[in-house]
Amino acid sequence: MNRATLIICAVVAAILFSLSWAVDHYRSNSIAYKEQRDAANTKLSQANATINDIQTRQRDVESLDAKYTKELADAQKTIGDLRRDVDSGAKRLRVAATCPVVRKTTTTGSVGDATGPRLTDSAERDYFTLRERINTITGQVKYLQDYIRQQCQK
């Protein structure tokens, strides 16, 4: 072999070595970037799933809130209607009460009180106030129980 052939072989070997080094370098970079891309895609999928779950929960809470807000408004309307009916005399509150025995005196021709037992005005107001509060508290407890069942126990 002559010297030119040796130089050409050496140059070809150097080019092949350089090419194999470059291919290996870019292959390693490609593998690293692919792993980074896959990790980013996994995180993105998890973030999207979390966002979807949060949006679903928000819609569930909104519907739950709307349901119990409507129930509370309906209960308040019913109490208001009852209060107006009692005030106007269209309906009466019934009281389970007994009248105390009144001593009979020897007055002539007296007629006993013809009205039955009834609540005082302040007791009647207290009755409606208590009814409103009972409905409010009952609605709030039902709402919280449903919220816990539907949102916290998932």
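Residues numbered from 1 in each chain as written. Predicted model: local features only at pLDDT ≥ 70, side-chain atom pairs only at ≥ 80, totals over all residues. Heavy atoms only, no water.

Colleague: Now, about the overall build of the protein: what can you tell me, with residues and values included?
Modeller: A count of helices and strands for the protein gives 2 helices and 0 strands. Looking at the protein residue by residue over its 154 residues, the buried ones come to 9%. Counting only contacts in the protein whose residues sit at least 6 apart along the sequence, the fraction spanning at least 24 positions is 83%. Within the structure as shown, the protein displays about 13100 Å² of accessible surface, and the carbon and sulfur contribution to it stands at 58%. (Helix = DSSP H or I, 4+ residues; strand = E, 2+ residues; numbered from the N terminus. Buried < 20%, exposed > 50% of the residue type's maximum accessible area, 1.4 Å probe, protein only. Contact = heavy atoms within 4.5 Å. Areas by Shrake-Rupley, 256 points an atom, 1.4 Å probe, with all protein chains shown as cover.)

Colleague: Any chance you could break down the packing of aromatic side chains for me, citing the residues and the numbers?
Modeller: All chains considered together, the criterion is met by 3 aromatic pairs. Centre to centre, the rings of Tyr-68 and Tyr-143 are 5.9 Å apart; their planes meet at 80°, and the pair counts as edge-to-face. In this pair, Tyr-68 sits in helix H1 (residues 3-88) while Tyr-143 sits in helix H2 (residues 121-152), placing the two residues 75 residues apart along the sequence. Measuring from centroid to centroid gives 6.4 Å for Tyr-143 and Tyr-147, while their planes differ by 25°, and the two rings are stacked. Note that Tyr-143 and Tyr-147 are positioned in helix H2 at a spacing of 4 residues, about one turn of the helix. (Phe/Tyr/Trp six-rings, centres within 6.5 Å; stacked < 30°, edge-to-face > 60°.)

Colleague: An account of the side chain of Glu-124 is requested, with residue identities and associated values reported.
Modeller: For Glu-124, the position within the fold is in helix H2. Beyond its immediate chain neighbours, meaning those up to four positions away, Glu-124 contacts Val-86, Asp-87, Leu-93, Arg-118 and Leu-119.

Colleague: Residue-level account of the pattern of salt bridges, with values.
Modeller: Under the counting rule described, the total for this entry stands at 9 salt bridges. Ionic pairing is found between Asp-81 and Lys-77, a salt bridge with its closest N-O pair at 2.9 Å. Here the residue Asp-81 and the residue Lys-77 both occupy positions in helix H1, the gap between them amounting to 4 residues, near one helical turn. For Lys-77, a relative accessible area of 52% gives the class exposed. The salt bridge partner of Glu-132 is Arg-83, with a shortest N-O separation of 3.6 Å. Of this pair, Glu-132 sits in helix H2 while Arg-83 sits in helix H1, placing them 49 residues apart in sequence. Accessibility expressed as a relative area gives 29% for Arg-83, which makes it partly exposed. A network of salt bridges, in which partner residues are shared, links Lys-34, Arg-37 and Asp-38. (Salt bridge = Lys/Arg side-chain N within 4 Å of Asp/Glu carboxyl O.)

Colleague: Hey, could you go over H1 for me, with residue numbers and the actual values?
Modeller: Over its 86 residues, H1 runs 125 Å from end to end, which matches the ideal 128 Å to within 8%, given 1.5 Å per residue. Taken together, the buried positions of H1 are occupied by Leu-64, Tyr-68, Ala-75, Ile-79, Gly-80, Leu-82 and Val-86. Close packing links the buried residues of H1 with H2. Phi for Gly-89, located one or two positions after H1, is positive at around 95°. (Expected span 1.5 Å × (residues − 1).)

Colleague: Tell me what's going on with the packing of H1 against H2, and back it up with residues and numbers.
Modeller: Closest axis-to-axis distance for the H1/H2 pair is 10 Å, and the angle between their directions is 165°. On the basis of their axis angle, the class for H1 and H2 is roughly antiparallel. Seen along the crossing, H1 lies across H2 with a hand that is right-handed. For the contact of H1 with H2, the residue count by class is 11 nonpolar, 7 polar and 12 charged. (Axes fitted to C-alpha atoms, helices over the stretch in contact; angles between N-to-C directions. Parallel < 35°, antiparallel > 145°, perpendicular 65-115°, else oblique. Left-handed = near helix turned anticlockwise from the far one by under 90°. Nonpolar A, V, L, I, M, F, W, Y, C, P; charged D, E, K, R; others polar.)

Colleague: Account for a nonpolar patch on the surface, with residues named and values stated.
Modeller: On the surface, a nonpolar cluster with roughly 640 Å² of combined accessible area is contributed by Ile-7, Ile-8, Val-11, Val-12, Ile-15, Leu-16 and Leu-19. Tracing the backbone through its elements, the reader meets Leu-19 in helix H1. (Patch = residues over 30% accessible without salt bridge, like charges linked within 9 Å, V, L, I, M, F, W, Y side chains within 5 Å.)

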